[in-house]
Amino acid sequence: MGLRESFQAHLATLALPSRRLLVAVSGGPDSLALLDLLAGCRAELGLNLVVGHVDHGIHPDSSAVASAVRDLARRYDVPFVQAVLGLGVGASETEARVARHAALESLRVEARAGAIVTAHHADDQAETVLMRVLAGSGPAGLAAMSAVSGRLVRPLLPFRRADLARHLQAIGTTWWDDPANQERRHQRAWIRHEALPALRERIPDLERRLLRVADQARVEVDAWDVLLDAWAGLDPREEAGRLSVALAPFGGMKTPLALGIIRALARRWGHPVGRVRAERVLRLATTGVSGNRVPLGGAAVAERAFDRLHLLLEAEAADERWELAGAAGERVSGRWRFVWRTAAAPATQHRDACTAWFEQSGTALTVRSWRPGDRLRPLGGRGRRLLVRCFQDARVPRTLRAAWPVVEHAGVVAWVPGVCRSDLLVPAPGVEAIRVDAELA
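Quantities reported herein were computed from a predicted structural model and do not represent experimental measurements. The residue count restarts for each chain, going from 1 along the sequence in the order it is written. Given that the model is predicted, a residue must reach a pLDDT of at least 70 before its local features are reported, and side-chain atom pairs must reach 80 or more before they are shown or counted; all residues, however, enter totals for whole chains, interfaces and linings. Side-chain measures here rest on the full set of heavy atoms in the structure, leaving out hydrogens and waters.

Time to look at the packing of aromatic side chains. Aromatic ring pairs are described here by two measures, namely the spacing of the ring centres and the angle between the planes. Only centres within 6.5 Å qualify two rings of Phe, Tyr or Trp (six-membered ring in Trp) as a pair; their planes then separate them into stacked at under 30 degrees, edge-to-face at over 60, and tilted for everything else. For the structure shown, the criterion picks out seven aromatic pairs. Pairing phenylalanine 7 with phenylalanine 159 gives two aromatic rings, centres 6.3 Å apart and planes at 50°, and the pair type is tilted. Taken together, the positions of phenylalanine 7 in helix α1 (residues 3–13) and phenylalanine 159 in the loop between β6 (152–153) and α7 (161–171) put the pair 152 residues apart, joining distant regions of the chain. For the pair shown, phenylalanine 7 and phenylalanine 159 are each scored as buried. For the ring pair tryptophan 322 and phenylalanine 338, a centre distance of 5.4 Å and an interplane angle of 80° mean the geometry is edge-to-face. Pair noted here: tryptophan 322 is in strand β12 (residues 322–323) and phenylalanine 338 is in strand β14 (residues 336–344), with a separation of 16 residues, a long-range link. Put simply, DSSP marks the helices as runs of H or I at least four residues long and the strands as runs of E at least two long, and each gets a number from the N terminus on. Each residue gets one of three labels from its accessible area relative to the maximum for its type: buried under 20%, exposed over 50%, partly exposed in between, using a 1.4 Å probe on protein chains only.

Next comes the structure, spelled out in structure tokens:
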């Protein structure tokens, strides 16, 4: 079986998040081979491809490389999108990687693609394992890269760099060699050009052994992931960018097991933690009180909220006010997405829903962030109630409240999406009304 057939057979086994894919093409040999292989099976597998190129602005030839990738995308009849970063020659390997990942995610959104496909292959995997060994990583780090991780797809992991290069030579495609890949000041380049060759003199099948380490570590990581769903009473819930579990099981749990579960939760959420932070989270789970938090790096935090432990990103309050103007529209505000249109009102509305209907009036509805002291008259309730009490009733973690949107009419709170609907502007059943859907991303 040739490379094309092997690649298509492997790709068919992957649980792709979407059939519309942003293909990250740098202009180097690996990504050019990836594009050709994907283009060769797009009809058979129903793929819809978009080429995404990130011009880091580090090398003086970067604009010429971008132009060449654009021309190649045109030859494959694939749309092309590009991000220009302008990092400069002094950018570090880490800075370039972080900026590239952020740029590719922006391009994915722009292209309306459901996933990003990268050209990481078996040799990259072996290098990654050795890098993680040198960094003192545990099983999660040694498991290295997976074929599908969220919106990231790596379909070349079973294939070697040399096979991809031979494929390009066979089809007559030339490529650009990034000089940065030869600079020994970058750790991966040092491992590739110095450490691995030196070790290979003693251990000829070094790459195969490193890949075996990754496979064995992956079994351990996957086993912990299965345990999360199998452990009685843990009740993991993934919703709106956060992950939570019940606190009760941690009460009588042995420390090593509890730490393993916490680290497995963080991996599933996409923000792995080391032993020290896992120990802090465990103390939070066993001795903290509702509202206590533990920072996990960046905007990531663990918060004890009522009877659950939440892993979530701290949201900044959006200092903006805007109107749901017109009969229909759509807007993203912070981490929330609002869509509104006219529709017949239902017989009943649920107070804690993320969809609400409002009577049409001469004054537009306004969206703003929650403020301490806000009150509303709950639908079907009595009197005015503080929104902080509504948040508590809805078990919304304190970390998320500052950026939670409030919909008001003429200065009066009408609705807090997913928390509480007021009795303001409630239309009669069947009447044409403004329907508003709010979604936390």
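Mapped onto the secondary structure, histidine 167 falls in helix α7. Residue contacts are counted whenever heavy atoms from the two residues lie within 4.5 Å of one another. Here histidine 167 is in contact with Leu3, Arg4, Asp36 and Leu37, once residues within four sequence places are set aside.

The next thing to look at is the pairing of strand β22 (residues 432–440). When β14 meets β22, the two strands line up antiparallel, connected through nine bridges. For valine 339, the partnering residue across the bridge sits in β22 and is aspartate 437. Two strands make a pair as long as DSSP finds a minimum of two bridges between them. With four bridges connecting them, strand β15 (residues 355–358) and β22 associate as antiparallel partners. Paired with tryptophan 357 across the strands is arginine 435, a residue of β22.

Residues spaced three or four apart along an α-helix point in a common direction, a consequence of the helix completing one turn every 3.6 residues. Of the positions making up α1, those classed as buried are Leu3, Phe7, His10 and Leu11. Projection of α1 onto a plane perpendicular to its axis shows the buried side chains occupying an angular sector of 100°, all on one side. Contacts from the buried residues of α1 go to α2 (29–45) and α7. Each C-beta atom gives one direction from the helix axis, and the arc is the one those directions make.

Read across the open sheet, the five strands follow the order β7-β8-β11-β10-β9; overall the sheet is antiparallel. Edge positions in the sheet fall to β7 (237–239) and β9 (293–297), since each has one partner strand and no second. Taken pair by pair, the neighbouring strands of this sheet meet at an average axis angle of 20°, ignoring direction. Bridge count between strand β8 (residues 242–246) and strand β11 (residues 308–313): four bridges; the pairing is antiparallel. Looking at β11, one finds that serine 244 is bridged to histidine 310. All axes here are fitted lines through C-alpha atoms, helices being fitted over the stretch that makes contact, and every angle between N-to-C directions spans 0 to 180 degrees.

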